[in-house]
Amino acid sequence: MNKIKKILNKKNKSKIVCLTAYSKNFSEEIDKYVDIVLVGDSLGSVLYNYTTTRKVTLTEMINHSKSVKLGIKKSLMVVDMPYKTYDTKKSALKNARKVIKETKCDAVKLEGGKKVIDQIKILIKNKIPVMGHIGLLPQTVKGKFKSKGKTSKEINQLMNDALLLQKNGVFAIVLECVKTPIAKQITKKLTIPTIGIGSSVHCDGQVLVTDDLLGLNSSNIKFVKKFINLKKYINSGLKKFASEVRSKKYPTKKHSY
Ligand code: KIV
């Protein structure tokens, strides 16, 4: 069965697991446990200390995605289209084709609903699978990150955008920081899966930034749960190495030519 059909088939049956990866060493391990590996433009803040994902370039996304691809055996690989690369139908198609061709990913993700529907339509018409992303949109947000779905205007917009994206053929939609009642309502109404991040257990799946759940980032975002403190283990290994080099315990004959 094709990878996208597999994701669609999970709706109302089993939860969809999605995590970010920015390089091969991570994607190789992540691939064993997830359904979708996302090369998110969150790599801008996680790897490069950018204050906004708007600074992420297409070249950065493509280079990291090429590395991620090397570690993937079974999961669906989705690549974020960075800011300003899908302003028009023409640029969206040109850049998405470049991403697909150079990274061999399975799909791309675009932020937005009605505002980017023409770009999404042209991609799907050209057989480029698209994942939607509504709610909090890091590429457009100005100032503080706030949850969405508090006012009736926001609720209507979220529902309308979700339905519009589905009607035009996206295979799944990320709901970022969407209030629980509307995330639940959208998930119930749609026939395609919703993937939540800070949007409650009612979504069909969940996505997180891998570095966050592993404790590699010092973020205190509400939706982040640290499943392990990987920094502790990394420090322990590094400390041992430094100590053995200084005490001449390493390298031994076994490690020398
Ligand atoms: O950029 C990213 O990593 C994302 C997810 C967190 C949804 O878009």
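Everything numeric in this text was worked out from a predicted model, so none of it was measured. (Residues numbered from 1 in each chain as written. Predicted model: local features only at pLDDT ≥ 70, side-chain atom pairs only at ≥ 80, totals over all residues. Heavy atoms only, no water.)

**Structural notes on a positive patch on the surface**
Reasoning step 1: A surface patch of positive charge is lined by K144, K146, K150, K179 and K222.
Reasoning step 2: Following the sequence through the fold, K179 ends up in the loop between strand 6 (172-176) and helix 8 (180-189). (Patch = residues over 30% accessible without salt bridge, like charges linked within 9 Å, V, L, I, M, F, W, Y side chains within 5 Å. Areas by Shrake-Rupley, 256 points an atom, 1.4 Å probe, with all protein chains shown as cover. Salt bridge = Lys/Arg side-chain N within 4 Å of Asp/Glu carboxyl O. Lys, Arg positive; Asp, Glu negative; His and termini not counted. Charge placed at Lys NZ, Arg CZ, Asp CG, Glu CD. Helix = DSSP H or I, 4+ residues; strand = E, 2+ residues; numbered from the N terminus.)

**Thoughts on the site of the ligand**
Reasoning step 1: Around the ligand, the surrounding shell consists of T20, L38, G40, D41, S42, D80, K109, H133, V174 and I197.
Reasoning step 2: At 3.0 Å from an oxygen atom of the ligand is found a side-chain nitrogen or oxygen belonging to D41.
Reasoning step 3: A distance of 3.1 Å separates an oxygen atom of the ligand from a polar atom in the side chain of D80.
Reasoning step 4: Contact with the protein chains hides 95% of the accessible area of the ligand, taken as 250 Å² for the molecule alone. (Near = heavy atom within 4 Å. Polar contact = N/O pair within 3.5 Å; in protein donor to acceptor, adjacent residues only side chain to side chain.)

**Some details on the nonpolar core**
Reasoning step 1: If you look at the biggest cluster of nonpolar residues, it comprises 69 residues, and the most contacted ones within it are I36, L123, F171, I173 and I195.
Reasoning step 2: With near-sequence residues (within four places) excluded, I36 lies in contact with I7, I16, V17, C18, L19, S75, L76, V78, M131 and I195. (Core = buried A, V, L, I, M, F, W, Y, C linked by side-chain atoms within 4.5 Å. Buried < 20%, exposed > 50% of the residue type's maximum accessible area, 1.4 Å probe, protein only. Contact = heavy atoms within 4.5 Å.)

**Comments concerning helix 5 (residues 89-103)**
Reasoning step 1: Taking 1.5 Å of rise per residue, 15 residues should cover 21 Å, and helix 5 covers 21 Å from first to last C-alpha, within 8% of that figure.
Reasoning step 2: Looking at helix 5, one finds that the buried residues are S91, A92, L93, N95, A96, V99 and T103.
Reasoning step 3: Tucked into the core, helix 5 has its buried residues touching helix 4 (58-70), strand 3 (76-80), strand 4 (107-109) and helix 6 (117-125).
Reasoning step 4: Of the residues one or two after helix 5, K104 is the one with positive phi, at around 60 degrees. (Expected span 1.5 Å × (residues − 1).)

**Some details on the packing of helix 5 against helix 6**
Reasoning step 1: Contact geometry for helix 5 and helix 6: axes closest at 9 Å, N-to-C directions at 45 degrees. Judged on the interaxial angle alone, helix 6 and helix 5 are oblique. In the crossing of helix 5 with helix 6, the sense of the turn from one axis to the other is right-handed. Residues K89, A92, L93 and A96 of helix 5 touch helix 6, and the partners they reach there are D118, Q119, I122 and L123.
Reasoning step 2: Residue classes in the contact of helix 5 with helix 6 are distributed as five nonpolar, one polar and two charged. (Axes fitted to C-alpha atoms, helices over the stretch in contact; angles between N-to-C directions. Parallel < 35°, antiparallel > 145°, perpendicular 65-115°, else oblique. Left-handed = near helix turned anticlockwise from the far one by under 90°. Nonpolar A, V, L, I, M, F, W, Y, C, P; charged D, E, K, R; others polar.)

**A look at helix 7 (residues 152-167)**
Reasoning step 1: Across its 16 residues, helix 7 extends 22 Å between first and last C-alpha, which sits within 8% of the 22 Å expected from 1.5 Å per residue.
Reasoning step 2: Among the residues of helix 7, those classed as buried are L158, M159, D161, A162, L165 and Q166. The buried residues of helix 7 occupy an angular sector of 160 degrees when the element is viewed end-on, so they sit on one face. Opposite the packed face of helix 7, turned more than 90 degrees from it, sit the exposed residues S152, K153, N160 and K167.
Reasoning step 3: If you follow the buried residues of helix 7, they end up packed against helix 6, strand 5 (130-135), strand 6 and helix 8.
Reasoning step 4: The first or second residue beyond helix 7 is G169, which carries a positive phi of 100 degrees. (Arc of directions from axis to C-beta.)

**Details of the packing of helix 4 against helix 5**
Reasoning step 1: For the pair helix 4 and helix 5, interaxial distance at closest approach is 9 Å and the crossing angle is 30 degrees. Relative to helix 5, the element helix 4 lies roughly parallel. Our pair here, helix 4 against helix 5, has a crossing hand that is right-handed. Residues L58, I62, S65, K66 and K69 of helix 4 pack against N95, K98, V99, E102 and T103 of helix 5.
Reasoning step 2: Here the residues of the contact of helix 4 with helix 5 sort into three nonpolar, three polar and four charged.

**Structural notes on the domain arrangement of the chain**
Reasoning step 1: Examined at the domain level, the chain breaks down into domain 1 (3-226) and domain 2 (230-257).
Reasoning step 2: Domain 1 and domain 2 are separated by 39 Å when their C-alpha centres are compared. (Domains from an automatic or database assignment.)

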